[in-house]
Amino acid sequence: HGCADMGDTDDTGTADARAESGSTAASRVEAERLRWNPTLGDDAVPLVGEWKYPLDKPHGPVMCTSRRVLTGGHPGVDKQIMREGSATEPPPADGATCFVHYDMWQLNASGDEAWSTRRESEPHQILVGKAIPVTDGKRRHHPALYECVRAMRPGERCLFRVPPELCYGEEGNFSFPAVPPNCWMLVDVELIGVKGEAMERAD
């Protein structure tokens, strides 16, 4: 930075400089906002970036700068890697028991939390692929978890965007947790461990 001339000042020049400084600051803010909200499939974004909880929302929804990629499973589901997992262990298959921590938020302006096992401190155990009755309001989001862990390796932590049909559907949920109709969910999943082999399918 050069030193400013302390002689005669030109108010017009100062105003121009302030306007330029303001627009530079605004573009910096916009660039930072975009960094924390990457576009799906942008290969210029690092595969594994940073993540944080917003200062004004210490319980989330979490934000992440990692590359957003489709999982290749259910249409519309995408993931961002928050922490890489095992390079040698495969993703769990149907029939495997997974131990997970997860937080789930509404992907809308409210960002309201639907579930958090981290608040309970105990990891959650799920049997991948197990059918969940539509009437089971407390576990209707399990198909979303199955979809998430199928795209993960043990030790990995990822942020997923999941469509309504894998969670609370067209009708939403009006008991606990309260979720509006047709609501996408943002899911932060940590695959702590996997136990058991999937049964071989005869197909």
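Read on for an overview of the structure. (Residues numbered from 1 in each chain as written. Predicted model: local features only at pLDDT ≥ 70, side-chain atom pairs only at ≥ 80, totals over all residues. Heavy atoms only, no water.)

1. Digging into the overall build of the protein chain
Put simply, the test is: Helix numbers and strand numbers start at the N terminus; a helix is a DSSP run of H or I with at least 4 residues, a strand a run of E with at least 2. Any residue under 20% of the maximum accessible area for its type is buried, any over 50% is exposed, and the rest in between are partly exposed; the area is computed with a 1.4 Å probe on protein chains only. In this description, contact between two residues means that some pair of their heavy atoms is separated by no more than 4.5 Å.
For the protein chain, the count of helices and strands is three helices and nine strands. Listed N to C, the secondary structure of the protein chain is α-β-β-β-β-β-β-α-β-α-β-β in terms of helices and strands. Evaluated residue by residue, the protein chain yields a buried proportion of 37% over its 203 residues. Taking the contacts inside the protein chain whose residues are at least 6 apart along the sequence as the reference set, 65% of them involve residues at least 24 apart.

2. Points about the pairing of strand β4 (residues 78-83)
A regular strand places its side chains on the two faces of the sheet in alternate fashion. Test applied: Strand pairing is assigned whenever DSSP detects at least two bridges linking the two strands.
Most of β4 is tucked away, with five of its six residues classed as buried. Pairing of strand β3 (residues 69-70) with β4 involves two bridges; the strand directions are antiparallel. Across the sheet, the residue bridging to Leu70 is Asp78, located in β4. Note that β4 and strand β8 (residues 157-162) share five bridges and pair antiparallel. Of the residues in β8, the one forming a bridge with Gln80 is Leu159.

3. What about the packing of aromatic side chains?
Basically, it comes down to this: Pairing of aromatic rings covers Phe, Tyr and Trp, the last through its six-membered ring, and needs centres within 6.5 Å; plane angles under 30 degrees mean stacked, over 60 mean edge-to-face, and all others mean tilted. When the NZ atom of lysine or the CZ atom of arginine is within 6 Å of a ring's centre and also within 35 degrees of its normal, the charge is said to sit over that ring.
Tallying each qualifying case throughout the model produces one aromatic pair. Plain terms: the ring middles of Trp51 and Tyr53 are 5.9 Å apart, the flat faces sit at 80° to each other, and that makes the pair edge-to-face. Taking the relative accessible area as the measure of exposure, Tyr53 reaches 28% and is therefore partly exposed. In this arrangement the basic side chain of Lys52 is found over the ring face of Trp36, its NZ or CZ atom lying 4.4 Å from the centre. Over the aromatic face of Trp51 sits the side chain of Arg157, whose NZ or CZ is 4.3 Å from the ring centroid.

4. Overview of helix α3 (residues 142-149)
Burial of α3 is extensive: seven of the eight residues sit out of reach of the surface. The elements touched by buried residues of α3 are β5 (97-106), β7 (124-127), β8 and β9 (185-195).

5. Overview of the pattern of salt bridges
Test applied: Here, a salt bridge means any side-chain nitrogen of Lys or Arg that lies within 4 Å of a carboxyl oxygen of Asp or Glu.
Enumeration according to the criterion identifies 15 salt bridges in this entry. In this structure, Asp188 engages Arg118 in a salt bridge whose closest nitrogen and oxygen atoms are separated by 3.4 Å. Here Asp188, found in strand β9, pairs with Arg118, found in helix α2 (residues 117-120); they are 70 residues apart in sequence, far enough to count as distant. Taking the relative accessible area as the measure of exposure, Asp188 reaches 0% and is therefore buried. Taking the relative accessible area as the measure of exposure, Arg118 reaches 22% and is therefore partly exposed. Between Asp188 and Arg157 there is a salt bridge whose closest N-O contact spans 2.7 Å. Taken as a pair, Asp188 in strand β9 and Arg157 in strand β8 lie far apart in primary sequence, 31 residues in all.

6. What about the side chain of Arg68?
Rule in force here: Identification of polar contacts relies on pairs of N or O atoms within 3.5 Å, with a donor-acceptor requirement for protein atoms, meaning one able to donate a hydrogen and the other able to accept it, and with residues adjacent in sequence counted only if both atoms are side-chain atoms.
Looking at where Arg68 falls in the secondary structure, it is placed in the loop between β2 (63-64) and β3. One polar contact links Arg68 to Asp78, side chain to side chain, over a distance of 2.8 Å.

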